[in-house]
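# Structural overview for review
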Amino acid sequence: MSSDTFFGPDFDALQAQDPDIAAVLLSELERQRHGLQLIASENFTSPAVLTALGSTLSNKYAEGYPGKRYYGGCEEVDKAELIGIERAKALFGAEHANLQPHSGASANIAVYQAFTKPGDTVLAMSLPHGGHLTHGSKVNFSGKWFNIVSYGVRADNELIDYDELRDLALENAPRMICTGATAYPSLIDFERVRAICDEVGAIMWVDAAHFIGLVAGKAIPSPVPYADVVSFTTHKVLRGPRGGMIVSKAEHAAAIDKAVFPGMQGGPIMSAVAAKAIALKECATPEYQEYAKNVISNCQVLASGLEEHGMRAVSGGTQTHLALIDIRSTGISGKIADERCGLSGITLNKNAIPYDPESPAVTSGIRVGSAATTTQGMGAPEMVQIASLIARAIKDGGEPAKAAEIRSDVYELTARFPVYPR
Ligand code: DSN
């Protein structure tokens, strides 16, 4: 094992102290460098963000909020959190921001806690149609503690059925309506959802985890002017550290802050809060806006490329960073396709398609995302090539020799777009 200049001099000390974990850091870096990263919720965050994550801010306990902490010595971390809050408010035009949730799921726990009581009715998108575990799955707290009523997409066009959503809202009088998904390639009509929420007196919650990075880059419309509360993760298209964030109307600020701390978690991870602030500054640049537009155009080329190889893009294509691909025409399940792509150096995930005849463990689809490859600097020609590599992997990736050939082509492609250069 050899060191890697990307990590800097402290890495040599880590290697001497703990070669086992140092080896994992190196081999994961190599995996990210030389494979194709197509998981729609992943990205390559900047070295600046990684620096903050690995900083001494990790040592500090800071329960509470800037100026109102339960521990001394918070003067320095207070500065980072205040800068981050102001950046989030400016970037999203939000009245309030909370940077403390450790993850998207914990941000969502805080949203439930701020606006509902156990047993309340919440209307949210069904997981098999693209929702999220925290939108009412029976194996998640949301499905266990709340009366979740699910809406889905129409069978004919695979788009959210707003008529069904309104009918269900009128019928069930939910306390809160959640829009946002993990496998929905189209834009959401926030104005229409706001009208439904107003009609039934529901809180409008948007879980924007997947697409908030496109909103930050002004590449798609923002839910912030419409929603009472918007929760999201900071590590997907947004390209920041792993973590969660919430923005809301000012009238909900106290409820949100109380729900995050002390309601849902104790001390914030201040290294992550500082890293979120750095990412928010990066998002406010023209380069980031260009990247956000390219993420969408790249995904559109990738989806069309897969269609040219005989697969079908759910809902006819994509308007975002992800495409959901129905691969039944290949005769291969999502599970096998995922495995074959993995052996070929292509990381993506199997995914249920709407009205999927297969179980969630098998599925008839794959989900692909374009954020990481766009960060690497890839464009339309590379997306065409990636579509062909995926098609080859699905067909032949079960044979070790053929998988090795595809892996070698993936290696050549990614070598032209180095991430975290040595
Ligand atoms: N696990 C994330 C995703 O891949 O979409 C959602 O939380």
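Keep in mind that this is a model prediction, so the values were computed, not measured. Along each chain, residues carry numbers from 1 onward, in the same order as the chain's sequence is written. Owing to the predicted nature of the model, reporting of local features is limited to residues with pLDDT of at least 70; listing and counting of side-chain atom pairs is limited to 80 or more, with chain, interface and lining totals taken over all residues. Note: side-chain values were computed over all heavy atoms of the structure, leaving out hydrogens and water.

Here a helix means four or more residues in a row that DSSP labels H or I, a strand means two or more in a row labelled E, and each is numbered from the N terminus. Position of Arg33 relative to the elements: it lies in helix 2 (residues 19–34). Exposure is judged per residue with a 1.4 Å probe applied to protein chains only, and the accessible area is read against the type maximum: over 50% gives exposed, under 20% gives buried, and values in between give partly exposed. Owing to a relative accessible area of 5%, Arg33 belongs among the buried residues under this scheme. In this description, contact between two residues means that some pair of their heavy atoms is separated by no more than 4.5 Å. Leaving out residues up to four positions away in the same chain, Arg33 has contacts with Asp4, Phe6, Thr414, Val419, Tyr420, Pro421 and Arg422.

In this section: the confidence of the model for the protein chain. A residue's pLDDT is the confidence the predictor assigns to it, expressed on a 0 to 100 scale. Here the protein chain shows a mean pLDDT of 97. Residues at 70 or above account for 99%. Ranking the elements of the protein chain by mean pLDDT puts helix 1 (residues 10–17) last with 93 and strand 4 (residues 96–98) first with 99.

Glancing now at the packing of helix 13 (residues 334–343) against helix 15 (residues 380–396). Helix packing for two helices is described by the angle between their axes and how far apart those axes are. All axes are obtained by fitting lines to C-alpha atoms, using only the stretch in contact for helices, and the reported angles, taken between N-to-C directions, cover 0 to 180 degrees. Two elements in contact, helix 13 and helix 15, have axes separated by 8 Å at closest approach and are oriented at 110°. Considered as vectors, helix 13 and helix 15 are oriented roughly perpendicular to each other. As helix 13 runs across helix 15, the sense of the crossing is right-handed. Judged by residue contacts, Ala337, Arg340 and Cys341 of helix 13 engage Ile390, Ala393, Ile394 and Lys395 from helix 15. Each angle is binned into one of four classes, with values under 35 degrees roughly parallel, values over 145 roughly antiparallel, values of 65 to 115 roughly perpendicular, and all other values oblique. Crossing handedness is read from the near helix: turned anticlockwise from the far helix by less than a right angle, it gives a left-handed crossing, and turned clockwise, a right-handed one.

It is worth spelling out the pattern of salt bridges at this point. A pair is scored as a salt bridge if a Lys or Arg side-chain nitrogen falls within 4 Å of a carboxyl oxygen belonging to Asp or Glu. Under the counting rule described, the total for this entry stands at 20 salt bridges. As a salt-bridge pair, Arg392 and Asp409 come within 2.9 Å of each other at their nearest N and O atoms. With Arg392 in helix 15 and Asp409 in helix 16 (residues 400–415), the pair connects residues that are 17 residues apart, well separated along the chain. On the basis of relative accessible area, Arg392 is assigned to the partly exposed category, the value being 28%. Relative accessible area serves as the criterion here: at 26%, Asp409 is assigned to the partly exposed category. One salt-bridge network, held together by shared partners, links Glu158, Arg312, Asp326 and Arg328.

This part takes up the packing of aromatic side chains. Ring pairs are drawn from Phe, Tyr and Trp, using the six-membered ring of Trp, whenever the two centres fall within 6.5 Å, and their geometry is named by plane angle: stacked under 30 degrees, edge-to-face over 60, tilted for the rest. Counted according to the given criterion, the structure contains 13 aromatic pairs. For the ring pair Phe6 and Phe7, a centre distance of 5.7 Å and an interplane angle of 65° mean the geometry is edge-to-face. Judged by centre distance (5.2 Å) and plane angle (75°), the ring pair of Tyr112 and Trp205 falls under edge-to-face. Here Tyr112 is found in helix 5 (residues 104–115), whereas its partner Trp205 is found in strand 8 (residues 203–207), with 93 residues between them in sequence. Each member of the pair, Tyr112 together with Trp205, is buried. The structure contains a cluster of three or more aromatic residues connected by ring pairs, namely Phe6, Phe7, Phe11, Phe44 and Tyr420.

Take the environment of Lys138 next. If you trace the backbone, Lys138 turns up in the loop between strand 5 (121–125) and helix 6 (141–145). For the pair formed by Lys138 and Ile148, sequence separation is ten residues and the distance between their alpha carbons is 9.2 Å. Excluding anything up to four places from it in sequence, Lys138 contacts Gly143 and Lys144.

For Arg340, the location among the structural elements is in helix 13. Counted as positive: Lys and Arg. Counted as negative: Asp and Glu, with His and the chain ends omitted from the count. For the buried Arg340, no salt bridge is present, and the opposite-charge side chain at shortest range is Asp396, 6.6 Å distant. Leave out the neighbours within four places in its chain, and Arg340 touches Ile332, Ala393, Ile394, Lys395, Gly397 and Gly398.

One less than the number of residues in a helix, times 1.5 Å, gives the span that helix is expected to have. Between its first and last C-alpha atoms helix 10 (residues 253–264) spans 15 Å; for twelve residues at 1.5 Å apiece the expected length is 16 Å, and the two agree. Residues of helix 10 that are buried: Ala253, Ile256, Asp257, Ala259, Val260, Phe261 and Met264. Taken down its axis, helix 10 places every buried residue within 160° of arc, on the same side. Along helix 10, exposed side chains directed more than 90 degrees from the buried face belong to Ala254, Lys258 and Pro262. Packing partners of the buried residues in helix 10 comprise strand 2 (64–65), strand 4, helix 5, strand 9 (229–233) and strand 10 (244–248). Note that the arc is computed from the directions linking the helix axis to the C-beta atoms.

Lining the immediate environment of the ligand, one finds Ser41, His132, Thr182, His210, Lys236 and Arg367. We define a polar contact as two N or O atoms separated by no more than 3.5 Å, with the added condition that, inside protein, one atom must be a possible hydrogen donor and the other a possible acceptor, whereas residues neighbouring each other in sequence contribute only through side-chain atom pairs. With respect to the ligand, the side chain of His210 contributes an N or O atom lying 2.6 Å from an oxygen atom. Arg367 is positioned with one of its side-chain polar atoms (N or O) 2.8 Å from an oxygen atom of the ligand. Within the complex, 64% of the 230 Å² of free accessible area of the ligand lies under protein. Using only the protein atoms, space was sampled on a 1 Å grid; points where a 1.4 Å probe fits but cannot get out form cavities, open sets with protein on both sides within 12 Å along at least five of seven lines form pockets, and lining residues are those with an atom within 4 Å of a point. Just a note on the criterion: a molecule sits in a pocket or cavity if more than half of its atoms are within 2 Å of the grid points. Structurally, the ligand is housed in the second largest pocket. Residues are classed as near a molecule or strand on a simple rule: at least one heavy atom within 4 Å of it. Computed with a 1.4 Å probe, the accessible areas rest on the Shrake-Rupley method; for each residue, only the protein chains presented here act as cover.

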